[in-house]
Amino acid sequence: MTSLIYYAIVLNSNSLIGNRFLNCFVSACTEVVALTLCYFISEKVEHRHIFIWSIAIGGIAIAITPFIAESSGIGATVITMIARFCASISFYILYVYVPVLFPTTMRNSATGLSTSISRLVGILTPLVMHGGESLKS
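Residues numbered from 1 in each chain as written. Predicted model: local features only at pLDDT ≥ 70, side-chain atom pairs only at ≥ 80, totals over all residues. Heavy atoms only, no water.

Asks: Can you tell me about the nonpolar core, naming the residues and giving the values?
Replies: Note that soluble globular proteins tend to have their nonpolar side chains buried in a common cluster. Core analysis: the largest hydrophobic core is formed by 7 residues, namely Tyr-6, Ile-9, Ala-61, Ile-79, Ala-83, Ala-87 and Phe-91. Of all the secondary-structure elements, those providing two or more residues to this core are helix H1 (2-12) and helix H4 (73-101). Residues contacting Ala-87, with those up to four places away along its chain left out, are Thr-2, Ile-5, Tyr-6 and Ile-9. Counting 5 residues, the second-largest nonpolar core is a separate cluster that includes Ala-34, Cys-38, Ile-50 and Ile-93. (Core = buried A, V, L, I, M, F, W, Y, C linked by side-chain atoms within 4.5 Å. Buried < 20%, exposed > 50% of the residue type's maximum accessible area, 1.4 Å probe, protein only. Helix = DSSP H or I, 4+ residues; strand = E, 2+ residues; numbered from the N terminus. Contact = heavy atoms within 4.5 Å.)

Asks: Mind laying out the pattern of salt bridges, listing which residues take part and the relevant values?
Replies: One side chain can pair with another of opposite charge once the charged atoms of both are near each other. The full count for this structure, using the stated rule, is 2 salt bridges. Here Arg-84 and Glu-31 are joined by a salt bridge, their closest N and O atoms 2.3 Å apart. In this pair, Arg-84 sits in helix H4 while Glu-31 sits in helix H2 (residues 20-41), placing the two residues 53 residues apart along the sequence. Between Arg-48 and Glu-46 there is a salt bridge, and its shortest N-O distance comes to 3.0 Å. A relative accessible area of 44% places Glu-46 in the partly exposed class. (Salt bridge = Lys/Arg side-chain N within 4 Å of Asp/Glu carboxyl O.)

Asks: So what about the environment of Ala-76? Which residues, and what values?
Replies: Along the chain, the position of Ala-76 falls in helix H4. Considering only alpha carbons, one finds Ala-76 and Ile-50, 26 residues apart in sequence, at a separation of 24 Å. When neighbours within four sequence positions are excluded, Ala-76 is seen to be in contact with Thr-65, Ile-68 and Ala-69.

Asks: Run through the side chain of Glu-31, naming residues and quoting values.
Replies: On the basis of relative accessibility, which here comes to 15%, the residue Glu-31 falls in the buried class. Within the structure, Glu-31 has its side chain in polar contact with the side chain of Tyr-6 (distance 2.7 Å). Among all residues touching Glu-31, those that are not within four sequence positions of it are Tyr-6, Arg-84 and Ser-88. (Polar contact = N/O pair within 3.5 Å; in protein donor to acceptor, adjacent residues only side chain to side chain.)

Asks: Go over the layout of surface pockets with me, naming the residues and quoting the values.
Replies: Counted as a void, the largest pocket has a volume near 400 Å³. If you go around the largest pocket, you meet 26 residues; those closest to its centre are Met-1, Thr-2, Ser-3, Phe-91 and Leu-94. Going through the elements one at a time, H1, helix H3 (47-71), H4 and helix H5 (107-136) are the ones with two or more residues in the lining of the largest pocket. Looking at which element gives the most residues to the lining of the largest pocket, the answer is H4, with 9 residues. Of the residues contributing to the lining of the largest pocket, the split by class is 16 nonpolar, 10 polar and no charged. Each pocket or cavity is described by its volume, and for the second largest pocket that value is around 230 Å³. Along its surface, the second largest pocket is lined by Ala-8, Ile-9, Asn-12, Ser-15, Leu-16, Ile-17, Ile-62, Thr-65, Gly-73, Ala-76, Thr-80 and Ala-83. Looking at the lining of the second largest pocket, the element that brings in the most residues is H4, giving 4 residues. Its residues placed into classes, the lining of the second largest pocket shows 7 nonpolar, 5 polar and no charged. (1 Å grid on protein atoms, 1.4 Å probe; cavity = no way out; pocket = protein on both sides within 12 Å on 5 of 7 lines; lining within 4 Å. Points joined across faces, edges and corners; volume = space filled by probe spheres on them. Nonpolar A, V, L, I, M, F, W, Y, C, P; charged D, E, K, R; others polar.)

Coordinates in, geometry out; function isn't part of it.
See the structure below:
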């Protein structure tokens, strides 16, 4: 699910209100800040707490984006960048936290399987995003 949300936000950053190049730049800067901040925070706070909070805040941001988009396009862009920030943190934490969840004998298999499923979901994300458009016509 994290992969679907992450790639949907990344692919949708081009269609936000405002200059598309500026949105892409801000989106990339958001990710750099998120990963840098996560690197330093993950040394002091447990990974599961970071993951839970980033998923919760990101989910709330995604849920309120359509309501804010009706009144303020720039507000929707800001909320989407907050969701991108949280999705980047949760995506980063998953790669650190998943191997710790499993016993040593299963670590490589579990990490490989979760990474493969994540990439498969990343491939399917454009189909999920644009699937409703073909049903309308």
